[in-house]
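These are the residues of each chain, in order.
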Amino acid sequence: MKWKKTVLLLLAAIICISSLAGCGKTEEELPSEAPVSLKNDGREVILVLGEILGDERRITVLEEIAEKYMADFPNTRIEVRSFSDIQSLKVAMKAGEVDIGEIPGEEQAAFVQDGILLDFYPYLLAWKESATLTQAARTVAGSMGASRAYLLPSDFLQDVLYYRADWFEAYNEGLEPDQQIYCRTWEEIAGGLNANGTLITGAVEKLGEQGRLAFAGKNNLLRYFDAMVWSSLHQNRLADPGAGYFSVADEGKSIFSTEKAAAAADEFIQVINSALPDSLNWTAEEAIKAFQEGKAGLLLADRRAAETLRATMPEGSWAVEPFPRGLSGTAALSPNSYTGWGISSAAKEQEIAAHFLTFLSNADNNTHLAKVCGSLPIHLGAAAMEDSLTEGDLAAELTMAASGDRYRYAFEPTMYQAYEGYGAEAEEKISQFAKGNLSKADLLSYLDEYWNTACAEEGKLWK
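These remarks concern the structure in this document. Just so you know, these numbers come straight off a predicted model, no measurement behind them.

1. Details of the pairing of strand β9 (residues 298-301)
Both faces of β9 are covered, namely the face carrying L298 and L300 and the face carrying L299 and A301. Of the pairings in the sheet, the one linking strand β8 (residues 213-214) to β9 comprises two bridges and is parallel in character. When the bridges of β9 are listed, A214 appears paired with L299.

Here's what the structure looks like:
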């Protein structure tokens, strides 16, 4: 594992000094002079930080970070307050009783539409450490449009690929590299043409039933379909990563009428056919159980699955790869879920609140929080600062973070009124497509018409 760790650290170092393409504005596009300052001028201020996860270890770390800040700025008092539900936090932020609140990603659009969150993008430009944010963190910050920022991520969950290392190693033993099986791309899993146009024999064809995929298809098919469509496109082909259904080539039009989208739909069916049939209706717990019981050699799940697998399966029997790459040779996905810190638009001291938010989220404090709480760090240098992170359940995700040329992020256009109700409707359409009850042409036509109409009626809301 030492060579993997060395490569990971080198990749992080390289990317730290390069621009991060595909996540909205690059460093070269940013203004040379930030339009605001980002400082604490020493006035007497009380800031309230509202968190919602309620984990005692995490609250302790947040309080420690607050103490460090108050030691540097003794006229600022910071209170960490826990909220049991998002509605209570929303009321407190709206009233200005909480200056910085922790918001689940699925609530962000509603908070923005209700005018509760401050767009702190100007402060993000003024923050020197924003240059070392991972692509995932940058895209979360720009998830309502690349020139806006309402949330700075506190943690996010994303799927990785668990596989039966013992089965793969047994098959590969003694074979030349070009004859071995891998699971780095959807083609290596399910078969098909790779990014270079070469026909690949998938793991399911070589391993038979041991090569089957298990995943939680219940309420997740839209997310997987989106990922395959986005992963069929090359870098910067989206009008905006925060409005991931629109094309940069034909501005204001959806990506679903493109040849790439049609090819991704075929790939989606190929992957569905390589999976255990029950996966279409499984929860995460059911998919994990199938992998544990040896019914599948591959499992799509987030990092929470690792603890269960470690407790029930022999050491060395399974391993983890990053999320599979698609037809472009890259992977582009949205997190399963995320939370982020947002500044209340009613905060009386917005600049000092922004200053503390960047202190809370700097590389040192965020990496420490990740180490103690098992959350995903948001800075590229985290693995170099805390090498124990590369030896735990975050290793595959840190590889993704350090490989911005291969792993990218995008979001559904949640800023649109048309998005309300879309998820359930599209989920059902894609479920019917996966079961053979809806044609590819009808599915893509529905998606294309839906979002072309939304853009025509509401405008280009990512701008």
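We are not done yet, so read on.
2. Some remarks on unusual backbone geometry
Of note, N219 is a non-glycine position whose phi angle comes to about 65 degrees, a positive value. You can see N219 is positioned in the loop between β8 and α10 (221-230).

3. Focus on the side chain of E397
In this structure, E397 sits in helix α17 (residues 395-402). Relative accessible area serves as the criterion here: at 2%, E397 is assigned to the buried category. Separated by 3.0 Å, the side chains of E397 and R303 make a polar contact. Apart from residues lying up to four places away in sequence, E397 is in contact with F156, Q158, V160, R303 and L376.

4. Digging into the packing of aromatic side chains
Enumeration over the complete set of coordinates arrives at 25 aromatic pairs. Ring centres of F225 and F433 lie 6.5 Å apart, and the angle between their planes is 85 degrees; on these two criteria the pair is classed as edge-to-face. Pair noted here: F225 is in helix α10 and F433 is in helix α18 (residues 422-434), with a separation of 208 residues, a long-range link. Across the pair, exposure class does not vary: F225 and F433 are buried alike. What links up through ring pairs into an aromatic cluster is the set W230, Y245, F246, F256, Y416, Y419, Y422, Y446, Y450, W451 and W462. When the ring centre of W167 is taken as origin, the NZ or CZ atom of R164, which lies over that ring, is 4.1 Å away. Sitting above the plane of the Y224 ring, R223 keeps its charged end 4.9 Å from the centroid.

Conventions we followed
Residues numbered from 1 in each chain as written. Predicted model: local features only at pLDDT ≥ 70, side-chain atom pairs only at ≥ 80, totals over all residues. Heavy atoms only, no water. Buried < 20%, exposed > 50% of the residue type's maximum accessible area, 1.4 Å probe, protein only. Helix = DSSP H or I, 4+ residues; strand = E, 2+ residues; numbered from the N terminus. Pairing = 2+ DSSP bridges. Polar contact = N/O pair within 3.5 Å; in protein donor to acceptor, adjacent residues only side chain to side chain. Contact = heavy atoms within 4.5 Å. Phe/Tyr/Trp six-rings, centres within 6.5 Å; stacked < 30°, edge-to-face > 60°. Lys NZ or Arg CZ within 6 Å of the ring centre and 35° of its normal.

Nothing here speaks to function; it is all geometry.
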